[in-house]
Amino acid sequence: MTTRAAPLRIRLFLVAAVLLSSEAVCAGSPDWPGFRGPAGDGRLVAGLPEGRGDLRLEVRWRRPIGSGYSGISLAGNLAVTASSDGTRDFVLGVDPETGAELWRADLGPMTAGLAGSKDGPISTPAIGAGRVFMVSTAGRLVALEQSSGQLLWSADLVNDLGSGRPAYGFSTSPLVEGNLVLVQAGGERGALVAFEARTGAVRWRVFEDGHYAQSPVVTELAGRRQVVVIGSTKLAAFDPRTGDELWSHEHGGAGEFGPESTSPLPIGGDRLFVKHDNERTSVLKVVVQDDETLAVEVAAESRTLTRSYSPPTFWDAAAYGYTSRFLSALDLTTGEELWRSRAPGDGFLIAVAGQLFIVNKNDGTVHLGAASRDGWSASDELELFDDLVWTPPSFRDGAFYVRSLTELARVDLVRRAASTNPEMTQSLPAELEQVRQAVAAGRAGAVADLLDGLEGPRIDGERVLFLWRGEATEVGIAGDMFGFRYDEPMQRLEGTDLWWKELYLDRRGRFNYAYFPDYVPTLDPLNLRSVESTAMGPDLNHRANEALQMSWFAMPDYPGAKSVAPEPEPRGRLESFDVSVEIPPPPRGPGAGQPPQTVTVPVTVWLPPGYDDGEERYPVALSLERYAATIGDWPATLDEVVGETVAPLIAVMIDAPPGFYGRRGGGRAGLLAPEVIAAVDRRYRTRAVPEERAVLGALYTGPPALQLSLGSDRLFARVAVQSPFAIDAMLPMYRRQIEAAREAARPAAFYFEWSYWDMRSRLEGLVLKEYMRDLYELFSASGYDVIGGEVWDSTDWAGWRNRSGLVLEALFPSARGDARSRFERWRVASE
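Residues numbered from 1 in each chain as written. Predicted model: local features only at pLDDT ≥ 70, side-chain atom pairs only at ≥ 80, totals over all residues. Heavy atoms only, no water.

(A) Region of interest: the environment of Pro125. Tracing the backbone through its elements, the reader meets Pro125 in the loop between strand 6 (101-109) and strand 7 (126-128). Judged by relative accessible area, which is 0%, Pro125 ranks as buried. In this structure, the C-alpha to C-alpha distance between Pro125 and Gly702, residues 577 residues apart in sequence, is 40 Å. With residues up to four places along the chain from it excluded, the contact list for Pro125 reads Pro33, Gly34, Phe35, Ser70, Gly71, Ser73, Val80, Thr81, Val132, Phe133 and Met134. (Helix = DSSP H or I, 4+ residues; strand = E, 2+ residues; numbered from the N terminus. Buried < 20%, exposed > 50% of the residue type's maximum accessible area, 1.4 Å probe, protein only. Contact = heavy atoms within 4.5 Å.)

Take a look at the structure:
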């Protein structure tokens with residue numbers, strides 16, 4: 001387990017009597033009628049309370065509302081959002097003064113969350129023309145009477161308009177423009193649809209491009225009012241009255257953090273800020289050409305404000321938002337990063353009259369501070385929610401409206417004198433208190449003495465003390481104990497350059513970790529044990545191109561090796577050759593209609609001892625994982641176990657390029673594996689029948705491995721998977737495959753494992769092991785004889801390689817092999 005971060009501030013309301021309170025009437029601000037506010041830019045220029053005194057945050061009310069991601073829209077005496085009650089999805093109207101429910105309107109059956117996401121609606125409602133407009137995750141657009149929630153009309157985006165339902169459901173938010181409702185619904189006949197607000201009739205439909213989770217914005221650019229949208233390949237603008245195209249721009253980007261989940265941000269001066277790619281952002285300027293037509297120029301580009309789902313905002317000439325998990329500021333004129341800050345943690349933000357209001361995704365805290373080009377400093381912060389937050393806040397007339405995945409709250413801005421409440425921080429561990437006292441007494445070398453002889457963190461039972469020494473403005477720590485897309489700050493020991501973090505972890509664990517002094521991933525200089533992460537990149541997102549080097553350590557009761565084992569004497573022999581495979585174009589979307597692509601894939605083959613001296617034929621074990629031969633240490637493992645617990649075999653390792661298989665699919669593996677096996681059968685003495693072939697996969701190559709081993713026409717009759725990426729949406733596919741293979745022979749050997757600290761993202765609710773259990777039980781209940789279960793380890797090859805010998809033993813055991821019983825020392829006992 002890990003320690004929970006100490007509260008940011010304990011509010012002692014008893015001292016309020018001595019504070020110089022001057023709560024005042026707020027300067028009025030406009031309504032917040034839809035997603036990202038009245039201008040679609042996540043900000044308001046007015047609305048702070050008048051009077052003297054510092055700005056402070058106070059919770060006016062807080063109430064449960066059911067599950068969902070929908071934002072809060074405000075107009076008149078109504079606040080609107082959408083949620084689920086566990087059976088049905090609904091739109092909820094509440095009194096903004098009290099939080100009392102005014103009405104609710106049915107949206108349809110509850111939409112279940114996918115891959116760890118919560119149930120319920122995602123889209124944010126829009127208020128206008130006396131109506132409330134909302135898109136359900138199933139694609140139902142409803143128009144409700146603003147005062148009562150009564151249904152006035154509805155449209156089905158899928159059945160009526162032919163729109164494609166995104167994987168997580170519709171999350172696009174409607175936008176009211178005059179007497180029209182604009183929805184980025186998707187579909188081959190035009191992704192942007194204008195409905196008449198009064199009747200629901202389609203006025204016009206334009207923009208042929210892919211859609212996922214984008215929303216339109218209306219703004220004025222180059223003297224023309226226009227609706228701007230971003231799709232999979234381009235941005236475009238249209239006259240909102242007629243739907244006539246005003247300009248179009250190929251953005252050249254891709255990715256779930258880019259065009260799939262963003263909306264254009266108007267920043268003034270005829271400019272737009274666009275997160276068009278996972279790794280790039282752009283400032284675009286709309287200009288009038290000599291022929292009076294409009295065109296787009298790229299004014300600036302940056303790598304700041306990337307790899308985050310959180311939409312940015314701006315103030316003056318700077319944009320504020322998140323670069324991965326760090327709050328960041330970007331100069332909109334030059335494209336240069338102004339600063340980044342670990343505090344106040346990953347979250348969502350808006351700007352009001354030069355103040356940033358931020359809600360933390362992970363711990364539900366809220367934070368207030370100036371939108372400054374010089375850095376982040378909180379002027380006030382408080383604890384609000386107990387669960388995760390995945391919704392940007394809203395604002396009107398001196399009050400922020402915030403929701404978590406299950407609760408809705410109003411947080412007022414008030415004027416008060418500066419607080420004198422004490423800060424609460426984590427208490428010093430005993431050995432660090434001794435060092436602090438020694439340093440205060442002037443004794444040199446106290447820090448060096450503490451670190452002397454350490455080979456990584458200090459471990460005492462379940463207690464782990466992480467220590468990093470060096471000059472830095474701030475230091476973070478990331479690792480398997482936290483999961484993806486998340487790290488925690490370390491504390492500096494007063495008067496020293498020593499940074500520390502204390503955690504309590506299970507005695508049976510093994511963990512990869514890295515330090516982040518001033519945001520740069522760094523190995524532990526005390527620890528000689530390191531590994532390259534094949535799943536996580538330097539920004540703690542899923543690995544793209546750059547590698548993240550991580551240190552690792554094992555707890556006292558870890559069932560595997562606790563140090564780096566010496567390389568065994570080579571016994572087998574390695575050979576290599578290339579295989580070319582022709583990949584057809586996708587049937588639709590980007591690349592459709594293009595000629596087939598030829599991909600050349602390196603193949604490494606391990607031949608057992610004695611291969612060159614005899615005529616014996618051998619079974620084949622094929623790994624789909626590109627890192628098996630390198631980070632996975634397969635050659636060394638084969639040298640050690642073949643002829644001992646594993647029968648002689650030929651091992652084949654494919655070095656397919658990154659992203660070759662995709663996260664779900666066995667389609668490309670189904671093209672590549674037969675080519676590789678055919679080449680191996682031609683070159684070597686193999687037993688060329690499915691019963692003498694095994695296929696192995698891990699994480700994203702796990703599902704292809706399973707698919708290649710099921711059914712009567714299978715290429716492999718033996719299969720092993722480690723932490724296969726198979727989320728809940730993929731289980732029906734496996735049920736269909738198992739049913740189709742019901743009459744076929746079962747695998748001759750089937751190994752299936754996943755890890756206790758497997759891939760997970762605490763901010764998104766993704767916990768891979770939960771789906772692994774379901775998939776394992778699905779195969780077991782269907783009569784498959786599976787060796788495996790949950791093991792004491794973490795994700796990635798740093799964990800999987802500890803059982804490579806056991807995996808091979810399960811597939812091709814020697815007379816001394818007993819993988820089923822040997823597995824028991826790794827097994828996590830069921831609760």
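That covers the picture; the talk isn't over yet.
(B) Up close: unusual backbone geometry. Between Ala343 and the following residue, Pro344, the backbone shows a cis peptide bond with an omega angle of 5°. The topology assignment puts Pro344 in the loop between strand 26 (337-341) and strand 27 (347-352). Although it is not a glycine, Leu540 adopts a positive phi angle of roughly 70°. One can find Leu540 in the loop between strand 41 (530-533) and strand 42 (548-554). You can call Leu540 buried: its relative accessible area is 1%. Backbone geometry places Leu699, a non-glycine residue, at a positive phi of 55°. Following the sequence through the fold, Leu699 ends up in the loop between strand 47 (693-698) and helix 5 (702-707).

(C) Quick look at the sheet that holds strand 26. The four strands are arranged 23-24-25-26 in an open sheet whose pairing can be described as antiparallel. At either margin of the open sheet sits one strand with a lone partner, and together these are strand 23 (313-315) and strand 26. For this sheet, the mean inter-axis angle between neighbouring strands, taken without regard to orientation, is 25°. (Pairing = 2+ DSSP bridges. Axes fitted to C-alpha atoms, helices over the stretch in contact; angles between N-to-C directions.)

(D) Structural context of the packing of aromatic side chains. In the structure shown here, the tally under the stated rule is 34 aromatic pairs. Aromatic side chains Phe207 and Phe238 sit 6.1 Å apart centroid to centroid with 70° between the ring planes, which places their arrangement in the edge-to-face category. A residue pair is termed long-range when its members are at least 10 positions apart, and Phe207 in the loop between strand 14 (202-206) and strand 15 (217-221) and Phe238 in strand 17 (residues 234-238) qualify at 31 residues. Grouping residues by exposure puts Phe207 and Phe238 together as buried. Their ring planes at 45° and their centres at 5.0 Å tell us that Tyr756 and Trp792 sit as a pair that is tilted. Here Tyr756 is found in strand 49 (residues 749-757), whereas its partner Trp792 is found in strand 52 (residues 787-794), with 36 residues between them in sequence. A relative accessible area of 8% places Trp792 in the buried class. Site record: aromatic cluster; members linked through ring pairs are Phe466, Phe511, Tyr513, Tyr515, Phe553, Tyr756, Trp757 and Trp792. One cation-aromatic arrangement involves Arg529 over Trp552; the distance from NZ or CZ to the ring centre is 5.5 Å. The ring of Tyr756 has Lys769 lying over it, and the distance from NZ or CZ to the ring centre is 3.7 Å. (Phe/Tyr/Trp six-rings, centres within 6.5 Å; stacked < 30°, edge-to-face > 60°. Lys NZ or Arg CZ within 6 Å of the ring centre and 35° of its normal.)

(E) Main features of helix 1 (residues 430-440). Regarding helix 1, the residues found buried are Glu431, Leu432, Val435 and Ala438. One side of helix 1 carries all its buried residues, which in axial view fall inside an arc of 120°. Turned more than 90 degrees away from the buried face of helix 1, the exposed residues are Ala430 and Ala440. Of the surrounding secondary structure, the elements contacted by the buried residues of helix 1 are helix 2 (446-451), strand 34 (458-460), strand 35 (463-469) and strand 39 (498-504). Positive phi appears at Gly442, one or two residues downstream of helix 1, with a value of about 85°. (Arc of directions from axis to C-beta.)

(F) Local environment of the packing of helix 6 (residues 731-740) against helix 7 (residues 768-781). Where helix 6 meets helix 7, the axes come as close as 11 Å, and the angle between the chain directions of the two elements is 15°. In terms of orientation, helix 6 and helix 7 fall into the roughly parallel class. Both helix 6 and helix 7 take part in a crossing whose hand is right-handed. Only Asp774, Leu775, Leu778 and Phe779 of helix 7 make contact with helix 6, whose side of the interface consists of Leu731, Tyr734, Arg735 and Ile738. Of the residues that constitute the contact of helix 6 with helix 7, the class distribution is six nonpolar, no polar and two charged. (Parallel < 35°, antiparallel > 145°, perpendicular 65-115°, else oblique. Left-handed = near helix turned anticlockwise from the far one by under 90°. Nonpolar A, V, L, I, M, F, W, Y, C, P; charged D, E, K, R; others polar.)

(G) Structural detail: the pattern of salt bridges. Per the counting criterion, the structure on display carries 56 salt bridges. For Glu97, the salt bridge identified is with Arg60, shortest N-O distance 3.4 Å. You can see Glu97 sitting in the loop between strand 5 (88-94) and strand 6 and its partner Arg60 sitting in strand 2 (residues 54-64), a full 37 residues away along the chain. Judged by relative accessible area, which is 43%, Glu97 ranks as partly exposed. On the accessibility criterion, Arg60 (39% relative accessible area) is partly exposed. The closest approach of N and O atoms between Arg543 and Glu532, which form a salt bridge, is 2.8 Å. With Arg543 in the loop between strand 41 and strand 42 and Glu532 in strand 41, this pair connects stretches of sequence that are 11 residues apart. The exposure class of Glu532 is partly exposed, given its relative accessible area of 21%. (Salt bridge = Lys/Arg side-chain N within 4 Å of Asp/Glu carboxyl O.)

(H) Structural context of the nonpolar core. Residues Phe752 and Phe779 are the most contacted members of the largest nonpolar core, which totals 109 residues. Those residues in contact with Phe779, other than ones at most four positions away along the chain, are Leu706, Leu710, Tyr734, Ile738, Phe750, Phe752, Tyr784 and Val786. Counting residues in hydrophobic clusters, the runner-up holds 59 residues, among them Trp61, Phe357, Ile477 and Trp757. (Core = buried A, V, L, I, M, F, W, Y, C linked by side-chain atoms within 4.5 Å.)

(I) Fine view of the confidence of the model for the protein chain. Looking at the protein chain, the pLDDT average stands at 91 and 94% of residues meet or exceed 70. Here residues 1-27 is a poorly scored stretch, pLDDT under 50, and it has 64 contacts once near neighbours within four places are set aside; other chains count. (pLDDT = per-residue confidence, 0-100.)

(J) Fine view of the pairing of strand 13 (residues 192-196). The element strand 13 is largely enclosed, with a buried count of four among its five residues. The pairing of strand 12 (residues 180-184) with strand 13 spans five bridges and is antiparallel. Across the sheet, Leu182 pairs through a bridge with Ala194, a residue of strand 13. In terms of strand pairing, strand 13 meets strand 14 through four bridges, oriented antiparallel. Residue pairing in the sheet places Leu192 in a bridge with Val206 of strand 14. In textbook terms, the turn of a hairpin is the stretch between consecutive antiparallel strands, and for strand 13 and strand 14 this stretch comprises five residues, one of which, Gly200, has a positive phi near 90°.

(K) Representation of the side chain of Ser623 within the structure. Following the sequence through the fold, Ser623 ends up in strand 45 (residues 620-623). Judged by its relative accessible area of 2%, Ser623 falls in the buried class. Polar contacts involving the side chain of Ser623 include one to the main-chain amide nitrogen of Glu625, which spans 3.2 Å. Leaving out residues up to four positions away in the same chain, Ser623 has contacts with Ala628, Trp634, Val652, Met653, Ile654 and Leu696. (Polar contact = N/O pair within 3.5 Å; in protein donor to acceptor, adjacent residues only side chain to side chain.)

(L) Quick look at the packing of helix 3 (residues 634-641) against helix 9 (residues 804-811). Running from amino to carboxyl end, helix 3 crosses helix 9 at an angle of 60°, the nearest separation of the two axes being 9 Å. Of the possible angle classes, the one that applies to helix 3 and helix 9 is oblique. In this structure, helix 3 meets helix 9 at a crossing whose hand is right-handed. Counting all contacts with helix 3, which are made through Trp634, Thr637, Leu638 and Val641, the residues of helix 9 involved are Ser804, Gly805 and Leu808. For the contact of helix 3 with helix 9, the residue count by class is four nonpolar, three polar and no charged.

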